[in-house]
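If you want the building blocks of each chain, they are given just below.
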Amino acid sequence: QVQVAESGGGSVQLGGSLRLSCVGSGFTMDDHPIAWFRQAPGKEREWVACIGSGGVPTYADFVNGRFTISRVANTIYLQMDSLEPEDTAVYYCKADVDSNSPPWYREVWGQGTLVTVSS
């Protein structure tokens, strides 16, 4: 079964760090774009970072150089430094994988991992 699974969330104080992991199975992760999203209670899910099949990372503006996305084999990492209370959310990993029907791809989401940042 094609799936992704996040881990590494936890509770930290302002300025702390966490490293999230996203492990894929059932497909080759480095052949597909992988993204991190997050969702805080009462807010819409928002995009955080993405790494393409070529390994080029992109980030949302609010990251401000604090996060780093990387890929090693079947695992995507999101290193988060200088965390702020506003970063508190459930973080999700999402992969776009090939599909045999239009639009020729489908999104595969993980279950999420909770990040809590206290001031």
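Conventions we followed
- Residues numbered from 1 in each chain as written.
- Predicted model: local features only at pLDDT ≥ 70, side-chain atom pairs only at ≥ 80, totals over all residues.
- Heavy atoms only, no water.
- Helix = DSSP H or I, 4+ residues; strand = E, 2+ residues; numbered from the N terminus.
- Contact = heavy atoms within 4.5 Å.
- Disulfide = S-S within 2.5 Å.
- Buried < 20%, exposed > 50% of the residue type's maximum accessible area, 1.4 Å probe, protein only.
- Polar contact = N/O pair within 3.5 Å; in protein donor to acceptor, adjacent residues only side chain to side chain.

Caption draft 1: Examining the environment of L114 more closely. Structurally, L114 can be placed in strand β11 (residues 113-118). Through-space distance from the C-alpha of L114 to that of T88 is 7.8 Å; in sequence the pair is 26 residues apart. Dropping the residues within four chain positions of it, L114 is found in contact with G9, G10, A89 and V90.

Caption draft 2: Region of the structure containing the state of the cysteines. The tally for this structure, following the rule as stated, stands at one disulfide. Linked covalently through their sulfurs, C22 and C93 form a disulfide whose S-S length is 2.0 Å. Because the sign of the S-S torsion sets the handedness, a value of about -75° for the bond joining C22 and C93 places this disulfide among the left-handed ones. In this pair, C22 sits in strand β3 (residues 18-25) while C93 sits in strand β9 (residues 89-98), placing the two residues 71 residues apart along the sequence. Side by side, C22 and C93 carry an identical accessibility label, which is buried. Cysteine C50 remains unbridged, with the sulfur of C93 as its closest cysteine sulfur at 10 Å.

Caption draft 3: The side chain of T75, seen in detail. Residue placement: T75 occurs in strand β8 (residues 75-80). A polar atom in the side chain of T75 sits 3.5 Å from the side chain of N74. Excluding residues that lie within four positions of it along the chain, T75 makes contacts with S21, C22, V23, M29 and S70.

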